[in-house]
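# Coordinate analysis (summary)
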Amino acid sequence: MRRLLAGVVLTTLFPCISYAQNATNAPSGGAVALPEIEVVATAPTGAGVASDKVPAAVRSVSAGDIAETNGSTIAKALDQRLSSVTVNSVTGNEYQPDVNYRGFDASPVSGTPQGLAVYQNGVRINEAFGDIVNWDLIPTNAIDQTQIVSNNPAFGLNALGGAVVLTMKNGFTYQGGEANVQIGSYGRRLASFQFGKQVGNFSLYVAGEGINDAGWRDYSRSQLRRFYSDLGYKAEAAEVHLSISQGSSHLGNLGPTPAELLAIRKASVFTGPQNTHDDAWMANLNGKVDVTDTLKVEGNAYVRSFRMQHNDGNPSQAQSCDPTTNPGLLCFGDPQTLLTDSSGNLVPDTLNGGVAGEIDRTHTSSFGEGASLQGTSTHDIGGFNNRLMVGASVDHAVTSFLASSELGVIQPDLTVAGFGTIIDEPAGDDAPASLRATNTYYGLYALDAFDVTDRLTVTAGARYNVANISLVDRLGTALNGNNDYSHLNPLIGATYKLTPDITLYGGYSEANRAPTPLELGCADPNHPCIIDNFLVSDPHLRQVVSQTFEGGLRGKFAMPQLPGRFDWSAGFFRATNNHDILSVPSEITGFGFFQNVGRTRRQGVELALKYTDDKWSAYARYSFLDATFRSHITLASPNNPFADANGDIFVRPGDRIPTLPRNKLNIGVDYRLTDKLTVGGDVVAASGQFLSGDQANLLGKVPGYAVANLHASYQVTPNAQVYALAGNIFDTRYKTFGILASTIAVPFLNLTNPRSFTLGPPLSVQLGVKATF
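Residues numbered from 1 in each chain as written. Predicted model: local features only at pLDDT ≥ 70, side-chain atom pairs only at ≥ 80, totals over all residues. Heavy atoms only, no water.

Scanning the chain for helices and strands turns up four helices and 42 strands. Taken over C-alpha atoms, the radius of gyration comes to 26 Å for the chain, in line with the 28 Å a tight globule of 773 residues would show. Burial status across the chain gives 59% buried among its 773 residues. In the chain, the share of contacts with a sequence separation of at least 24, taken over all contacts with a separation of at least 6, comes to 68%. (Helix = DSSP H or I, 4+ residues; strand = E, 2+ residues; numbered from the N terminus. Rg over C-alpha atoms; globule rule 2.2 N^0.38 Å. Buried < 20%, exposed > 50% of the residue type's maximum accessible area, 1.4 Å probe, protein only. Contact = heavy atoms within 4.5 Å.)

And the structure:
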């Protein structure tokens with residue numbers, strides 16, 4: 001699938017809250033000694049607040065949880081361990097997962113309406129051009145903890161549904177070394193290492209990962225290289241870290257396949273080639289200093305570089321001209337409009353009766369830099385505990401974007417063989433593009449948590465966001481534009497301890513998302529574009545503003561009959577998006593545009609229960625999501641069998657947003673059979689979802705699924721472990737994504753069913769060895 005990446009956007013202002021759930025061993029007699037409320041991080045440099053004073057749901061995954069999945073990306077652990085999180089892959093490549101939380105996406109696919117902000121050590125890593133998230137470039141073994149935090153505007157732009165916060169390891173938090181080697185099904189090979197050490201006031205941490213994977217689908221070979229390092233210094237009242245993160249990947253990403261081809265062979269793909277090469281590096285300097293006992297100042301500064309090359313084979317509008325008027329020539333769009341190349345020459349007909357295709361190529365090069373500064377005061381007010389944070393940030397990114405299409409012919413294996421001719425048809429919205437995009441974001445916020453009593457804490461604050469997005473067309477003027485957006489996002493919430501072990505929380509907040517350069521460059525329904533390849537005009541789009549209400553209960557308890565502890569939570573949420581942005585298909589195959597679609601709403605409930613003792617660890621998490629349109633909308637859906645003569649469908653308030661399952665259930669258990677042997681398993685289940693392109697809910701759903709996984713580890717010596725992983729143990733053939741596509745784009749296939757699907761991976765087994773030192 002097509003992907004765009006444009007450097008670094010926005011540094012976090014308040015990115016790291018976690019709800020700690022550490023079990024305590026039971027003393028004799030079976031009672032559990034419940035620990036005191038822990039102080040958890042609320043900023044990348046470690047400012048703390050008690051978890052019971054956070055007026056929102058907070059979900060966390062530890063380094064141990066991540067290591068247990070031995071996943072290729074952090075998304076696998078999020079999918080298995082957290083409620084309200086759904087992970088699929090539109091591209092069909094597991095290294096490019098779409099992470100969805102409460103109906104909001106953090107996806108690597110251009111054109112996906114993004115709604116989650118993602119941070120790595122305080123730096124927002126949603127890419128500037130399309131707000132996409134490249135999970136494949138994040139070094140998984142270097143992650144210390146991951147949190148998903150909702151209902152907090154301090155996370156800045158795009159945190160409509162919340163923020164995913166990645167806290168990386170350093171030499172103070174991880175000491176020692178580990179080497180890991182893994183082999184598995186479909187040619188998977190993984191090798192990784194990490195090492196941390198503290199010497200006096202200094203620390204060093206380094207980690208690396210290498211993955212080669214042939215993939216279970218045709219043409220889905222992947223190669224990844226990831227590296228992370230951190231050099232730290234800590235004194236009595238100050239701490240500073242310099243971290244370097246690097247990543248490179250070569251990915252085969254073939255996308256959804258027509259249902260009729262999947263019925264013949266599950267590994268089938270549609271047109272190709274489709275592959276992506278990503279390279280990124282980032283340097284981040286962050287530090288903190290205790291000015292007084294009650295005043296802390298912390299901040300960071302970063303630079304980030306990114307390059308992406310993408311090749312995408314697709315059907316083309318090129319066709320043989322009418323032989324009675326223009327014999328021996330190619331036309332474009334219809335048999336009368338002559339096709340020209342990038343030199344202005346007419347193009348001879350070299351199809352020889354074949355079906356025209358094109359290889360769409362893009363090159364994205366970005367450089368971003370930014371900084372943030374935050375002050376935190378814990379000075380009492382009138383004898384009452386109070387915590388005030390004030391901060392500001394500035395972020396700037398420049399992106400160079402190039403695109404072109406090489407004419408070719410679709411071969412019997414559905415790959416496109418290029419002729420070397422570059423298509424130049426501006427009237428048909430298929431021409432080379434060269435764009436310079438500049439993003440500048442400013443943020444200013446204040447947040448105060450005041451303890452009214454020893455049970456009641458009230459939190460209030462706001463963040464003011466300013467965004468400027470400038471587009472410069474280097475081949476003409478159609479893309480030129482300058483867009484400014486601003487919004488003040490308030491927050492009010494409270495927590496109340498009903499008992500020492502049960503907390504009631506609730507709050508209201510707002511968040512905003514400015515349109516991305518990609519969306520602004522492709523927002524004209526009269527000039528649709530192949531997403532990320534042919535940006536053709538710059539009409540105005542309104543920013544998205546989300547209003548969220550959230551509330552619930554969380555707590556812990558013990559039972560005399562059991563040696564461990566239970567942690568539980570129950571909550572509800574309602575988020576309403578105003579002027580939501582949607583990617584809409586055009587009547588031209590493979591083309592589309594972005595538009596504001598009025599109001600949408602995502603609401604639901606979340607239930608979670610976890611048990612932990614010396615031998616057992618078990619969890620059950622359920623979430624219900626009701627995601628609907630709340631406005632009357634006319635949308636283009638030319639591949640929908642129920643569309644009218646103009647190719648439109650009519651969406652009514654209450655119609656469900658496609659691609660989002662309503663029900664999600666996670667169940668998992670681990671048992672330590674002996675001091676050396678641990679076994680476990682988990683089940684991930686999701687209900688059906690409507691297909692993309694069926695916003696009016698006129699067709700049947702993509703079926704729901706349930707997938708079971710097993711894992712085991714054996715500690716051969718104190719420093720050596722062998723482990724095994726079995727994914728999808730019942731070899732369930734299930735669909736994670738569905739979309740409506742043209743049945744006539746490749747005539748020789750004789751397709752009649754417009755449904756295309758991405759399948760989940762089949763049964764797989766991985767075996768590995770870990771050594772620690």
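Turning to the packing of aromatic side chains, a few remarks are in order. Evaluation of the coordinates by the stated rule reveals twelve aromatic pairs. Ring geometry for Phe-129 versus Phe-401: centroids 5.3 Å apart, planes at 25 degrees, classification stacked. In this pair, Phe-129 sits in the loop between strand S8 (123-124) and strand S9 (143-149) while Phe-401 sits in strand S22 (residues 386-410), placing the two residues 272 residues apart along the sequence. Accessibility assignment for this pair places Phe-129 and Phe-401 in one class, buried. (Phe/Tyr/Trp six-rings, centres within 6.5 Å; stacked < 30°, edge-to-face > 60°.)

Here we come to the confidence of the model for the chain. The pLDDT averaged across the chain works out to 88; a share of 90% of its residues lies at or above 70. A low-confidence stretch, residues 1-46 (pLDDT under 50), is modelled with 218 contacts involving residues beyond four sequence positions or located in other chains. A low-confidence stretch, residues 531-538 stays under pLDDT 50, and its non-local contacts, those more than four residues away or across chains, total 59 contacts. (pLDDT = per-residue confidence, 0-100.)

Below, the discussion takes up a nonpolar patch on the surface. Together, Phe-202, Leu-204, Leu-231, Tyr-233, Val-240, Leu-242 and Leu-285 make up an exposed nonpolar region whose accessible area comes to about 600 Å². Taken together, the elements giving at least two residues each to the nonpolar patch come down to strand S13 (202-213), strand S14 (222-234) and strand S15 (238-252). When you line up the elements, Leu-242 lands in strand S15. Since its relative accessible area comes to 40%, Leu-242 is described here as partly exposed. (Patch = residues over 30% accessible without salt bridge, like charges linked within 9 Å, V, L, I, M, F, W, Y side chains within 5 Å. Areas by Shrake-Rupley, 256 points an atom, 1.4 Å probe, with all protein chains shown as cover. Salt bridge = Lys/Arg side-chain N within 4 Å of Asp/Glu carboxyl O.)

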